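One letter stands for each residue in the lines below.
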Amino acid sequence: MRITILTLFPEMYGDFLKTSIVGRSIARGIVSVDLVQIRDFAHDTYRHVDDTPFGGGAGMVMKCQPVLDAINSVRTPESYTVLMSPSGTPYSQKKAHELSGKSHLILLCGHYEGLDERISRHVDEELSIGDYVLTGGELASMVISDSVIRLLHGSIRPDSAEDESYENGLLEYPQYTQPADYEGEQVPAILLSGNHEKIRKWRLQQSLVRTRERRPDLFGRHELTGEERKLLDR
Ligand code: ADE
């Protein structure tokens, strides 16, 4: 997979692209990530990429020409272009899976007060990573790249992606590691029992109870199986 990030602040990505699973996936050739400076497409001497809004108001708006020229310099028929925007569709694990199937993702990061609305007609989708406003789309593009890259074949062990929060519509069960007794706080005895079936049921029950308590919205959308109903009745 190829990811191209269009941004005014490529320096924000340095450590992100070198570290941990993302860094390793790039080093192994599972994904390539290119950073494109939108300002390189500005034509005037001062390399302006923004201007004042028509109709008045505070702040600056990113102009069509440099942004669309930047998109067109990297776009191919296989590209899927996503605009990072607080007004976009909410991003989700389901969308991460969808994007991980694309061969070329273009992630466009806005800055200042926003982008000229005409730019949005040239993208496939607008995505928001949450109901808050960032100073720009860069962090959002890192969130999306990170969550997509870890789903690519060879990035992480397939079973570690499967068991996690959101993969089955539920939050993840609690995990513990050594020591079994930490200053008097014990690991649940069932996890030391060696009984795999009992451990599986306990984890599923913990996931269900946690989701019901912490994320009633997710729990309401989850269709309970017969086994899950029984575990909740206990
Ligand atoms: N740009 C600014 N805020 C954003 C958000 N919440 N999601 C995506 N892009 C953004």
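The notes below deal with the structure included here.

The rules behind the values
As a convention, each chain's residues are numbered from 1 in the sequence order in which they are written. Totals for whole chains, interfaces and linings use every residue, but because this is a predicted model, local features are given only for residues with pLDDT of at least 70 and side-chain atom pairs only at 80 or more, for both listing and counting. Excluding hydrogens and water, the side-chain figures rest on all heavy atoms present in the structure. Both site types are read off a 1 Å grid over the protein atoms alone. A 1.4 Å probe that fits but cannot get out defines a cavity, while an open set with protein on both sides within 12 Å along at least five of seven lines defines a pocket; lining residues have an atom within 4 Å of a point. Grid points are joined across faces, edges and corners, and a volume is the space filled by probe spheres set on the points. The secondary structure listing takes helices from DSSP runs of H or I that are at least 4 residues long and strands from runs of E that are at least 2 residues long, numbered from the N terminus. Lys, Arg, Asp and Glu make up the charged group, whereas Ala, Val, Leu, Ile, Met, Phe, Trp, Tyr, Cys and Pro make up the nonpolar group; the residues left over, Gly among them, are polar. Proximity is defined per residue: if any heavy atom of the residue lies within 4 Å of a molecule or strand, that residue is considered near it. Any pair of N or O atoms that falls within 3.5 Å is considered a polar contact. Within protein, one atom must be able to donate a hydrogen and the other to accept it, and sequence-neighbouring residues count only if both atoms are side-chain atoms. Here the accessible surface of atoms and residues is derived via Shrake-Rupley with a 1.4 Å probe, and residues count as covered only by protein chains that are part of the display. Put plainly, a molecule is in a cavity or pocket when over half of its atoms are within 2 Å of the grid points there. When a residue's accessible area, from a 1.4 Å probe over protein chains only, is under 20% of the maximum for its type it is buried; when over 50% it is exposed; and in between it is partly exposed. Contacts are assigned to residue pairs with any non-hydrogen atoms lying within 4.5 Å of each other. Axes here mean lines fitted to C-alpha atoms, for a helix over just the part in contact, with angles spanning 0 to 180 degrees between N-to-C directions. What sets the label is the angle itself: under 35 degrees gives roughly parallel, over 145 gives roughly antiparallel, 65 to 115 gives roughly perpendicular, and the rest give oblique. A pair of strands is considered paired only if DSSP assigns at least 2 bridges between the two. Handedness of a crossover: with both strands directed away from the viewer, a clockwise path from the first strand across the helix to the second marks it as right-handed.

Before going further, it helps to spend a moment on the layout of surface pockets. In this structure, the largest pocket spans a volume of roughly 470 Å³. Around the largest pocket, the lining is made up of 27 residues, and of these Met84, Ser85, Pro86, Gly114 and Leu115 lie nearest the centre. Among the elements of the structure, β5 (79–90) and β7 (125–128) are those that each provide at least two residues to the lining of the largest pocket. Top contributing element to the lining of the largest pocket by residue count: β5, with five residues. Partitioning the lining of the largest pocket into residue classes produces 12 nonpolar, 11 polar and four charged.

Okay, the site of the ligand next. Within the structure, the ligand sits among Met84, Ser85, Pro86, Leu127, Ser128, Ile129, Gly130, Tyr132, Val133, Leu134, Gly136 and Ala140. At 3.0 Å, a backbone N or O of Ile129 approaches a nitrogen atom of the ligand. In the complex, 97% of the free accessible area of the ligand, which totals 260 Å², lies under the protein chains. Placement of the ligand is best described as lying within the largest pocket. Elements supplying a minimum of two residues to the shell around the ligand: β5 and β7. Of all the elements, β5 adds the most residues to the shell around the ligand, at three residues. Residue composition of the shell around the ligand, by class: eight nonpolar, four polar and no charged.

Another point: the environment of Gln186. Within the secondary structure, Gln186 sits in strand β9 (residues 185–186). For Gln186, a relative accessible area of 51% puts it in the exposed group. As for Gln186 and Tyr176, which are separated by 10 residues in sequence, their C-alpha atoms are 9.7 Å apart. Setting aside anything within four residues of it in sequence, one finds Gln186 in contact with Ala180 and Asp181. Only 2.9 Å separates the side chain of Gln186 from the side chain of Asp181, close enough to count as a polar contact.

What describes two packed helices is the angle between their axes and the distance between those same axes. Two numbers describe how helix α3 (residues 93–100) lies on helix α4 (residues 138–149): the axes approach to 9 Å, and their chain directions differ by 70°. In terms of their interaxial angle, α3 and α4 are classed as roughly perpendicular. On α4, the residues that touch Ala96, Leu99 and Ser100 of α3 are Ile144, Ser147 and Val148. In the contact of α3 with α4, the residues fall into four nonpolar, two polar and no charged.

Another point: the pairing of strand β6 (residues 104–109). Looking down a regular strand, the side chains alternate between one sheet face and the other. Counting buried residues in β6 gives six out of six residues, a clear majority hidden from the surface. A two-sided burial pattern is seen for β6, the buried positions comprising His104, Ile106 and Leu108 on one face and Leu105, Leu107 and Cys109 on the other. Across five bridges, the pairing between strand β1 (residues 2–7) and β6 is parallel. Paired with Leu6 across the bridge in β6 is Leu108. Of the strand pairs in this sheet, β5 and β6 are connected by six bridges, and their pairing is parallel. Across the sheet, residue Val82 finds its bridge partner in β6, namely Leu107. Read as a crossover between parallel neighbours, the route from β5 over α3 to β6 is right-handed.

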